[in-house]
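The primary structure of each chain is shown beneath.
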Amino acid sequence: MNKNNNPADSRLPLRVLRKAVLLLAIVTVFAGLFGCSGKAEPPAGELTVVSAAGGRMSRTESYSFSAIRKDGVWMFSTRCYADREKFYVELEDCPMTDEEAKELLRIVAEEDLIHTVHSFRKPLLARIFPPRDAAMDSTLLRFADGTEYDGEVSIGSDLTAFFYRLAEQYGREAAQAEMAAVRALTVSCSHSYINGSFQFSINRETTGWVFSCRCYLDVDEQVQKDNCPITDEQAAEILQVAWEEGLLHRVRVYQKPTDGLFAHDAPEYSTFFAFTDGSSAGAPIDPRAEVRSAFYNLAEQLR
């Protein structure tokens, strides 16, 4: 004789199933909220591109780095302030050494960057309520088989330091070569207070560097020099200060204000570079205190 099944016995598995489904839904929601995902298997093929960018409230803290393998050689490109203050570097396709390429790949492996980028899932809360004034990061990895991983994640501290080190190293080499090509540098200021006005210039002639100036070293003592010979070391000191202050970069990126506003009786500045290849660059910008001081010191030496 068969026993009748108790209805409660048949409902028990259903309640358990409902709880399991509910628990799975909760886990899924929280995974979406906080951006969790499983670990991915790396793709087949060699890594050929490592690219990272970071946007910050301060432009001196923002950066863009990329290392791309082309024809077997890793090439480095960047736009950043190498010292996070004044030394702006803009480089394109600088060949890296074999040692630097090996260090790059070692750091990528040690920081587990492939997994970090591939497993990134933007949290649901961040998608619904984007944070204001938050740092903006992005990282892209590309492999020889064409696979790409990208995510809104920042690179690790070791890789960041590595890229900044390359930026400073190659940036200094490029800047020194660029400043070596300077044929003339002129800075001037027209001030409503005559003692605040000045004009300084260094020019490379066939016989060497010459210095010209019109300025006030004291309240009532005007100094005027025209094509006064100076040493290569004195000229190099001026150019070194100009480079450290990012003067050439500021000239090249200058854009005329569009608001049409100007301060009454404000000083009128001018900065001008001429190069050995015949090109030039100028802008109505203040050369800043360090550059002005270097020129005033030179005028003091020659008074």
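Look above for the structure.
Below: a short report on this structure. Computed from a prediction, not measured in an experiment: that's the story for all the values here.

Further remarks concern the nonpolar core. In this structure, Leu159, Phe163, Leu185 and Phe211 are the most contacted members of the largest nonpolar core, which totals 70 residues. Element by element, the count of residues in this core is highest for helix H5 (residues 157-180), at 9 residues.

With that settled, consider the sheet that holds strand S1 (residues 47-55). Ordered by their spatial adjacency, 6 strands build an open sheet running S4-S3-S2-S1-S5-S6, and the pairing between neighbours is antiparallel. Both edges of this open sheet fall to strand S4 (88-95) and strand S6 (148-151), since each of them pairs with a single strand only. In this sheet, neighbouring strand axes are inclined to one another by 5° on average, regardless of whether the strands run parallel or antiparallel. Note: S1 against strand S5 (residues 136-143), 8 bridges, orientation antiparallel. What sits directly across from alanine 53, in S5, is serine 138.

With that out of the way, let us pick up the environment of threonine 48. Here threonine 48 is to be found in strand S1. Note: C-alpha distance between threonine 48 and lysine 70 (22 residues apart in sequence) is 8.0 Å. Other than its neighbours up to four places away in sequence, threonine 48 contacts Ala67, Ile68, Arg69, Trp74, Arg142, Phe143 and Ala144.

It is possible for side chains of opposite charge to pair when their charged atoms get near one another. Overall, the coordinates contain 17 salt bridges when judged by the stated rule. Among the ionic pairs, aspartate 137 bridges to arginine 56, the shortest N-O distance being 2.9 Å. In this pair, aspartate 137 is assigned in strand S5 and arginine 56 in the loop between S1 and strand S2 (63-70), connecting sequence segments 81 residues apart. Between glutamate 245 and lysine 86 there is a salt bridge, with the nearest N and O atoms lying 2.7 Å from each other. Of the two residues, glutamate 245 sits in the loop between helix H6 (232-244) and helix H7 (247-253) while lysine 86 sits in the loop between strand S3 (73-81) and S4, which places them 159 residues apart along the sequence.

Attention now goes to the pairing of S3. The buried fraction of S3 amounts to 7 of the 9 residues, a majority that puts the element mostly inside the structure. Sheet topology places S2 next to S3; 8 bridges connect them, and they run antiparallel. By the bridge assignment, serine 66 is partnered in S3 with serine 77. Two successive antiparallel strands, S2 and S3, enclose a turn made up of 2 residues, where aspartate 71 displays a positive phi of approximately 50°. The pairing of S3 with S4 spans 6 bridges and is antiparallel. Bridged to methionine 75 within S4 is proline 95.

Criteria and cut-off values
- Residues numbered from 1 in each chain as written.
- Predicted model: local features only at pLDDT ≥ 70, side-chain atom pairs only at ≥ 80, totals over all residues.
- Heavy atoms only, no water.
- Core = buried A, V, L, I, M, F, W, Y, C linked by side-chain atoms within 4.5 Å.
- Buried < 20%, exposed > 50% of the residue type's maximum accessible area, 1.4 Å probe, protein only.
- Helix = DSSP H or I, 4+ residues; strand = E, 2+ residues; numbered from the N terminus.
- Pairing = 2+ DSSP bridges.
- Axes fitted to C-alpha atoms, helices over the stretch in contact; angles between N-to-C directions.
- Contact = heavy atoms within 4.5 Å.
- Salt bridge = Lys/Arg side-chain N within 4 Å of Asp/Glu carboxyl O.

These figures come from the coordinates and say nothing about function on their own.
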